[in-house]
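Overview (structure and organization)
This is what each chain is made of:
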Amino acid sequence: ANIAVLGNFDADPLLPYSGRGYYLLAVMGDRDEPSVHARGLLDGLTEDLKNWGRPVIELSPGKPMAQISVAGMVSEKELTKRVVPAALARELCEGCSMHFDRLPVIVMADSFGRIVYFSQGYNTSLANDLQHILGGL
């Protein structure tokens, strides 16, 4: 499958969490319905993401830790001063020429800051979209 680059952002601050290559980045709200829904959809993709073997990074404004899941192994890492989840969510939206509206902001990106998938807010097709992208990477 041909994967199109939808936008760009400064991925360097995320390198300690992502390593090189592709990763899934989710900036989640706390208890808002769109974030709860997205978390459920991502949980449903656990096996696919595990098999993909690349980092899945979850950040939340107000939480000092990043949750990182790689091939089913989950760890937490303290955020550096350069990673501010709320600001990052805005930056990801702007990088895709979108207006930041609400969390969650979920992207598939690589360590060069190329965004190949973008989702914001309530998205019922998130799981299907991500399965399609995973199949193409």
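Here, every reference points to the structure presented above.
What you are looking at is a predicted structure, and each value in this text was computed from that prediction instead of being measured. (Residues numbered from 1 in each chain as written. Predicted model: local features only at pLDDT ≥ 70, side-chain atom pairs only at ≥ 80, totals over all residues. Heavy atoms only, no water.)

Burial analysis of strand β2 (residues 22-27) places five of its six residues in the buried class, which makes it a mostly covered element. Relative to strand β6 (residues 105-110), β2 is paired through six bridges, and the arrangement is antiparallel. Across the sheet, the residue bridging to alanine 26 is isoleucine 106, located in β6. Sheet analysis places β2 next to strand β3 (residues 56-59), joined by four bridges and oriented parallel. Of the residues in β3, the one forming a bridge with valine 27 is leucine 59. (Buried < 20%, exposed > 50% of the residue type's maximum accessible area, 1.4 Å probe, protein only. Helix = DSSP H or I, 4+ residues; strand = E, 2+ residues; numbered from the N terminus. Pairing = 2+ DSSP bridges.)

For the rest of this paragraph, the subject is the sheet that holds strand β1 (residues 7-8). Strand pairing in a sheet takes place through backbone hydrogen bonds and is either antiparallel or parallel in direction. Strands sit in the order β1-β7-β6-β2-β3-β4-β5 across an open sheet of seven strands; the sheet is mixed. What marks the edges here is a single partner per strand, and that holds for β1 and β5 (73-78). With two bridges joining them, β1 and strand β7 (residues 114-120) adopt antiparallel strand pairing. By the bridge assignment, asparagine 8 is partnered in β7 with arginine 114.

Now for unusual backbone geometry. Of the consecutive residues leucine 103 and proline 104, the connecting peptide bond is found in the cis state with omega at 0°. Within the secondary structure, proline 104 is located in the loop between α4 (85-95) and β6. Phi angles above zero are rare outside glycine, and alanine 71 is one such case at about 50°. Under the relative-accessibility criterion, alanine 71 is labelled partly exposed at 38%. At serine 97, a residue that is not glycine, the phi angle is positive and equals roughly 55°. Within the element layout of this structure, serine 97 appears in the loop between α4 and β6. Residue classification places serine 97 among the exposed positions, given a relative accessible area of 69%.

Here is the key point about a regular strand: its side chains alternate between the two faces of the sheet. The buried fraction of β6 amounts to six of the six residues, a majority that puts the element mostly inside the structure. Of the two faces of β6, the one carrying Val105, Val107 and Ala109 and the one carrying Ile106, Met108 and Asp110 are both buried. The pairing of β6 with β7 spans five bridges and is antiparallel. Bridging from a neighbouring strand, methionine 108 pairs with tyrosine 117 of β7.

Turning our eyes to something else, we now look at helix α2 (residues 33-44). An α-helical turn contains 3.6 residues, so a residue and the one three or four places further along point in the same direction. In a regular helix each residue adds 1.5 Å, so 12 residues correspond to 16 Å; α2 covers 17 Å between its end C-alpha atoms and thus fits that length. Here α2 has its buried residues at Pro34, Ser35, Ala38 and Leu42. Take α2 and look down its axis: the buried residues cluster within an arc of 95°, on one side only. Exposed positions of α2 whose direction lies more than 90 degrees from the buried face are Asp43 and Gly44. Where α2 is buried, its residues contact β2, α3 (46-52), β6 and α5 (126-136). (Expected span 1.5 Å × (residues − 1). Arc of directions from axis to C-beta. Contact = heavy atoms within 4.5 Å.)

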